[in-house]
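Each chain, letter by letter, is given below.
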Amino acid sequence: MGEGTPGKNRKVRYAVVALGHIAQIAILPAFAAASNNSELVALVSGDPIKLKVKSREYKVPAVYSYEQLDECLASENVDAVFIALPNDMHREFTIRAARAKVHVLCEKPLALTEKDCLAMIQAAQKSGVKFMTAYRLHTEETNLRAIELIKSKKIGEPRIFNSLFSFHVTDQENIRLKKARGGGPVYDIGTYCINAARYIFQAEPEEVSAFTASNKERRFKEVEEMASVIMRFPGERLASFTCSFGAADSGYFEVIGTKGTLRVDPAYEYAEPLAMELTIDGKAKKQVFPKRDQFAAEISYFSDCILKNRQPEPSGWEGLADIRIIEAIHRSARTGKAVRLKPFTKKDRPSIRQEIRKPASKEPRLVNVKSPH
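Because the structure is predicted, anything quoted here is derived from the model rather than measured.

**A short note on the overall build of the protein chain**
A count of helices and strands for the protein chain gives nine helices and 15 strands. In terms of C-alpha radius of gyration, the protein chain reaches 20 Å, essentially the compact-globule figure of 21 Å for 373 residues. Each principal axis of the C-alpha distribution contributes one length, and for the protein chain these read about 55 × 45 × 40 Å. Counting the 373 residues in the protein chain, one finds 58% classified as buried. Sequence separation of at least 24 residues holds for 73% of the intrachain contacts in the protein chain that already meet a minimum separation of 6. When the accessible surface of the protein chain is split by element, carbon and sulfur atoms take 50% of a total near 16300 Å².

Shown next, in the form of structure tokens:
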């Protein structure tokens, strides 16, 4: 197994677990730009064709099936795993990696329930390994600059947060449309809106109200088509968002303060440039940020935390903070009532100190996967 903390001059050696769309389109290519402190050394998948093609493409000789995961984790060549599995498998594979004393970078949403998240956090703590929720925007310049602008009070006191994130999920067999797999727009893309509201307001919501809606299309027989949510934050501030798998592409957030507004549009994308527009006294100033490899940045950040023995900011607790809200959203939508959240304290927030710029990678060839939209 990996020895927990590699030596100062070593690279952190990763196994990528699952070779679905996000792994192939973004995670695997990212290691080239993160090569200063990270190395891809193993692949884990249930598809032998994916393993064969991708191991050859990225020159990764060590390949494992899911049944061989323990063998992979026991390898002296693996220090960390990047878990890109369906949401309902995050808990099991994170805990297995942590027990093998292998560091864990796990895709969001962290798990399906707050209880699952807590079990994952405790497993990592017990084994003394680093555990990070893969919030790529926590190292991305546009969103971090937005946080700094809000903190600077250039728009006055932030009073209103509003966001929209939508696209069509057209593949009816995609896991995003399977309820048991943790599908639905709230888990998949609502997480971005929730997370953004929390880091913009630098606080945790106290109350949640939510509505869901679905048209009669067959693809939405298990999960909602869309959800609209209002979150009440301390200081009588309101954050609202709508997320949907049945509408045209959109992904922005805006913050309205007592003196001005800030709009980040697009805000959540990884495949195109991001932009923000600051408006004060009717005068707008727009800034465009070039496309960069956000996945390489988060991998490099996590490796740096391992090598320097620092706790990552988007830790397991950051993932849990969003999941507790998602559970409340579903409960509110189901009961038709507002849901009060228990007090939750989290001191660490993303900051501009975490910004990492990595050059954009070329889009790779996909093997046995479909884009969800």
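**Some details on the environment of S45**
Within the fold, S45 resides in the loop between β2 (38–44) and α2 (48–57). Assessed through its relative accessible area of 3%, S45 is described here as buried. A C-alpha to C-alpha distance of 5.1 Å links S45 and S65, two positions 20 residues apart in sequence. From its side chain, S45 meets the backbone nitrogen of D47 in a polar contact 3.0 Å long.

**Here's the deal with the pairing of strand β8 (residues 207–213)**
As paired elements, β8 and strand β9 (residues 226–233) share seven bridges and run antiparallel to each other. Directly across from F211, in β9, lies its bridge partner S228. Relative to strand β15 (residues 339–340), β8 runs antiparallel, the two sharing two bridges. Across the sheet, residue V208 finds its bridge partner in β15, namely V339.

**Thoughts on empty space enclosed by the protein**
In this approach a probe as big as a water molecule rolls over the atoms, and the regions it shows empty are the leftover space. Tallied over the full model, the rule gives two cavities of 30 Å³ or more. By volume, the largest cavity is sized at about 110 Å³. Surrounding the largest cavity, 17 residues form its lining, E140, E141, P290, R292 and Q294 being those nearest its centre. Listed by contribution, the elements that provide at least two residues to the lining of the largest cavity are α6 (141–151) and α8 (294–307). When its residues are assigned to classes, the lining of the largest cavity shows six nonpolar, three polar and eight charged. The space that makes up the second largest cavity amounts to roughly 40 Å³. In terms of lining residues, the second largest cavity is bounded by Y135, R136, L137, H138, Y192, N195 and Y199. Of the residues assigned to the lining of the second largest cavity, the class counts are four nonpolar, two polar and one charged.

Basis of the calculations
- Residues numbered from 1 in each chain as written.
- Predicted model: local features only at pLDDT ≥ 70, side-chain atom pairs only at ≥ 80, totals over all residues.
- Heavy atoms only, no water.
- Helix = DSSP H or I, 4+ residues; strand = E, 2+ residues; numbered from the N terminus.
- Rg over C-alpha atoms; globule rule 2.2 N^0.38 Å.
- Buried < 20%, exposed > 50% of the residue type's maximum accessible area, 1.4 Å probe, protein only.
- Contact = heavy atoms within 4.5 Å.
- Areas by Shrake-Rupley, 256 points an atom, 1.4 Å probe, with all protein chains shown as cover.
- Polar contact = N/O pair within 3.5 Å; in protein donor to acceptor, adjacent residues only side chain to side chain.
- Pairing = 2+ DSSP bridges.
- 1 Å grid on protein atoms, 1.4 Å probe; cavity = no way out; pocket = protein on both sides within 12 Å on 5 of 7 lines; lining within 4 Å.
- Points joined across faces, edges and corners; volume = space filled by probe spheres on them.
- Nonpolar A, V, L, I, M, F, W, Y, C, P; charged D, E, K, R; others polar.

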